[in-house]
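Below, each chain spelled out in residue letters.
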Amino acid sequence: MTARHLIPVIGFAAYSGTGKTTLIEALLPKLTEAGLRIGMLKHAHHNFDVDQPGKDSYRLRKAGASQMLISSRNRYALMTETPEEESEFHFLLSRFDQQKLDVILVEGCKNIAFPKIELHRDEVGKPWLYPSDDNIIAIAADSKVTDSELPQMDINDLDAITQFILNFVASNGKSCCDNVCDKQIDKPASSCCDILSPAFLSVTQGQEKILSLVNEVTEAESCPIEASYNRVLAIDVASPVNVPQYTNSAMDGFAIRGDDIVNDEAETPSYHVVAEVMAGHAYQGELQPGQAVKIMTGAPMPAGADTVIMREQAQTNGDHVTFPEAFIKRGQNVRQAGEDLAQGSDVFSKGTRIESAEMGMLASLGFGQAQVARQLKVGLFSTGDEVQAPGTEQKPNTIYDSNRFTIMGMLQKLGCEVIDYGILEDNEQVMIDAIEKASQQTDVIITSGGVSVGDADYVKLALDKLGQIDFWRINMRPGRPLAFGQVNDKPFFGLPGNPVAVMVSFINFVEPALRKMQGERNWQPLKVNAIATEDLRSRQGRTEYSRGVFQIDPAGRLTVHTTGKQGSGILRSMSEANCLIEISPAVDTVKVGESVTIIPLQGRI
């Protein structure tokens, strides 16, 4: 059951010809006899009409009413035209009066994330759905499967299916596995229901949950300005001086007194040039009426002078200068002391990440050191006997370790100190010792692999003994499996094993957490809209991330297309991409010319 609905929702997923409607029609009397109040949602792939031609409501709707409500003593019906786009699944569920129901049954919608019973008949000749859909919580079929721990029922045993649904509703929408976990209070949920639990965490929910559980590292340290790039300020910074520190010339020219200005073409006064001042030097005297000082950009203004005329507007004759074609405004081309920044005024707030401009600004104020948050130490390791270090001769049945180096690069981008623990073999005690050691030496622990259905249990077993770890299913692709928790009060991230999924998961979940721990304030990833130049498909109910390339078209519009094949193991696609294309759970298709959200990757990977 999703958090946005008051009552359990369960569906029946099957291919056409399996007999979904006939089965549900036979189940409904049994469920109502058991006391359930049932809402029914049926999804049709084809066009349909619920009204009879010739009836008043049909005629009025066809005449142009976009919503038609017809009511009688026994029932009412609201018919709504949706020519622009198909209604979103959760919106349709919200149309039910859930206060008067105990459960909503759904026929169809097999590509949307919610609990479902798979119906299967061998004679239909279609493949099984459960291997690729974690939202299937039980199987009703005319044959048995041996590679799944899902509850199985005979598709013709209506009493067994009825009882399963009654148990599901009685447990408020939990699967049987959840009920088992509730009874096994001595074991963490991850140990008993990781394989069977439906994927109910959205990307946003996962991000919010993680951010609520990580804390800022409060220790600060001083570092030289030249080493401060990408560090985070640990204190507020106020200006110790005026910027500019003294009133100076904004350009090369001649400094004069404002009292001497004449803008009358009939009278072009001549000024006596009494000195030349270079930047870094000053005229010690006070400028008198009729005098001028030749001055360079940045040089301090002489006492008595308040105006500068640019050199290009001047005509010199010996030690005299005139400005025959210049319209002179008093105070022009002069930068006042403190004009940019007054002494004592705020410059940067605590939590500001120092980049090139910030380094220059701090240096311009005379700071040789910056007070920054202590550098985060992140422990990193890979797991698996099949994983081999690059640079060695490849052994049979092995793959070179890429994930660890991908993560290293992203950690270095964030200014973290990486503690590399290398590759750990598939040995429970080795992993326990390594994770225990990492929790004592680092602030954060990251690994990849070992968190998906079917993975070896070594990482999970080690974590169960060392800390409080939740194994989640995130409604996203790529990167659905994710482990997060605490080992000795240090955050642990278990990322997926596929190379692209590692990067997408890091960007969505690890990076925001690390930025918070570093003390960075008000950071949000940049998201902008671009026009799709190719059709993009997704599965409703999950967030889809495609690797993309954005550019500006001849009309000045921001456009985007994918890098090609989007398999989660195609690491080359991330190298070619300059953005991620984000398709929300409510969208299944983005057509050419439609707007889509992109996340630029410059500076992040």
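Model, not experiment: these values are computed from the prediction.

Each value, and the rule that gives it
Residues numbered from 1 in each chain as written. Predicted model: local features only at pLDDT ≥ 70, side-chain atom pairs only at ≥ 80, totals over all residues. Heavy atoms only, no water. Phe/Tyr/Trp six-rings, centres within 6.5 Å; stacked < 30°, edge-to-face > 60°. Helix = DSSP H or I, 4+ residues; strand = E, 2+ residues; numbered from the N terminus. Buried < 20%, exposed > 50% of the residue type's maximum accessible area, 1.4 Å probe, protein only. Pairing = 2+ DSSP bridges. Axes fitted to C-alpha atoms, helices over the stretch in contact; angles between N-to-C directions. Arc of directions from axis to C-beta. Contact = heavy atoms within 4.5 Å. Core = buried A, V, L, I, M, F, W, Y, C linked by side-chain atoms within 4.5 Å. Domains from an automatic or database assignment. Polar contact = N/O pair within 3.5 Å; in protein donor to acceptor, adjacent residues only side chain to side chain.

Here we take up the packing of aromatic side chains. The relative placement of two aromatic rings is captured by the distance of their centres and the angle of their planes. Overall, the coordinates contain four aromatic pairs when judged by the stated rule. Ring centres 6.1 Å apart and planes at 55° place the aromatic pair Phe254 and Phe323 in the tilted group. With a gap of 69 residues between them, Phe254 in strand S12 (residues 253-256) and Phe323 in the loop between strand S17 (320-322) and strand S18 (334-335) connect regions that are remote in the sequence. Taking 5.5 Å as the distance between ring centres and 45° as the angle between the ring planes, the aromatic pair formed by Tyr271 and Phe323 counts as tilted. Taken together, the positions of Tyr271 in strand S13 (residues 271-277) and Phe323 in the loop between S17 and S18 put the pair 52 residues apart, joining distant regions of the chain. Here Tyr271 and Phe323 have matching classes, each one buried.

Reading across the sheet, the six strands line up as S15-S12-S14-S13-S17-S16 and stay open at both edges, with mixed pairing between neighbours. The two strands at the open ends of the sheet, each matched to only one other strand, are strand S15 (307-310) and strand S16 (315-317). Adjacent strand axes in the sheet meet at a mean angle of 40° when their direction is disregarded. In this sheet, strand S14 (residues 291-295) lies alongside S13 in parallel orientation, the contact comprising five bridges. Bridged to His272 within S14 is Gln291.

Moving on: helix H8 (residues 356-364). Restricting attention to buried positions, one finds in H8 the residues Glu358, Met359 and Leu362. Down the axis of H8, the buried side of the element spans an arc of 105°, and every buried residue falls inside it. Away from the buried face of H8 by more than 90 degrees, exposed residues Ser356 and Ala357 are located. Looking at the buried residues of H8, the elements they touch are strand S10 (237-238), strand S19 (346-348) and strand S20 (369-373).

What follows covers the nonpolar core. The tendency in soluble globular proteins is for nonpolar side chains to be buried as a group. Counting 39 residues, the largest nonpolar core has Ile446 and Phe506 as the members making the most contacts within it. Among the elements of the structure, helix H7 (203-213), strand S21 (377-383), helix H9 (403-413), strand S25 (444-448), strand S28 (481-487), strand S29 (490-495) and helix H12 (499-517) are those that each provide at least two residues to this core. In terms of residue count, H12 provides more of this core than any other element does, eleven residues in total. Inspection of this core shows a minimum of three residues originating in each of domain 4 (377-518) and domain 5 (528-600). Filtering out sequence-adjacent residues up to four positions away, Ile446 remains in contact with Val378, Gly379, Leu380, Phe381, Ile407, Leu411, Phe493, Leu495, Phe506 and Val510. In this structure, Ile10, Leu105, Ile161 and Ile165 belong to the second largest nonpolar core, which totals 22 residues.

Relative to the helices and strands, Ser239 resides in the loop between S10 and strand S11 (248-249). A distance of 2.4 Å separates a polar side-chain atom of Ser239 from the backbone oxygen of Val241. For Ser239, the contacting residues outside a window of four places in its chain are Leu341, Ala342, Gln343, Gly344, Ser345, Val347 and Leu365.

Where strands meet in a sheet, backbone hydrogen bonds hold them as pairs that are either parallel or antiparallel. Taken in spatial order, the six strands make up an open sheet running S24-S21-S25-S29-S28-S26, and their pairing is mixed. One side of each edge strand has no neighbouring strand; the edge strands of this open sheet are strand S24 (417-424) and strand S26 (467-473). Strand-to-strand twist of the sheet, defined as the mean angle between neighbouring strand axes without regard to direction, takes the value 15°. In this sheet, S24 lies alongside S21 in parallel orientation, the contact comprising six bridges. Counted as the bridge partner of Gly379 is Ile419 from S24. Lying over the sheet, helix H10 (residues 428-441) contacts S21, S24, S25, S28 and S29, oriented at roughly 175° with respect to S24. Across the sheet, H12 is in contact with S25, S28 and S29; its angle to S29 comes to roughly 170°.

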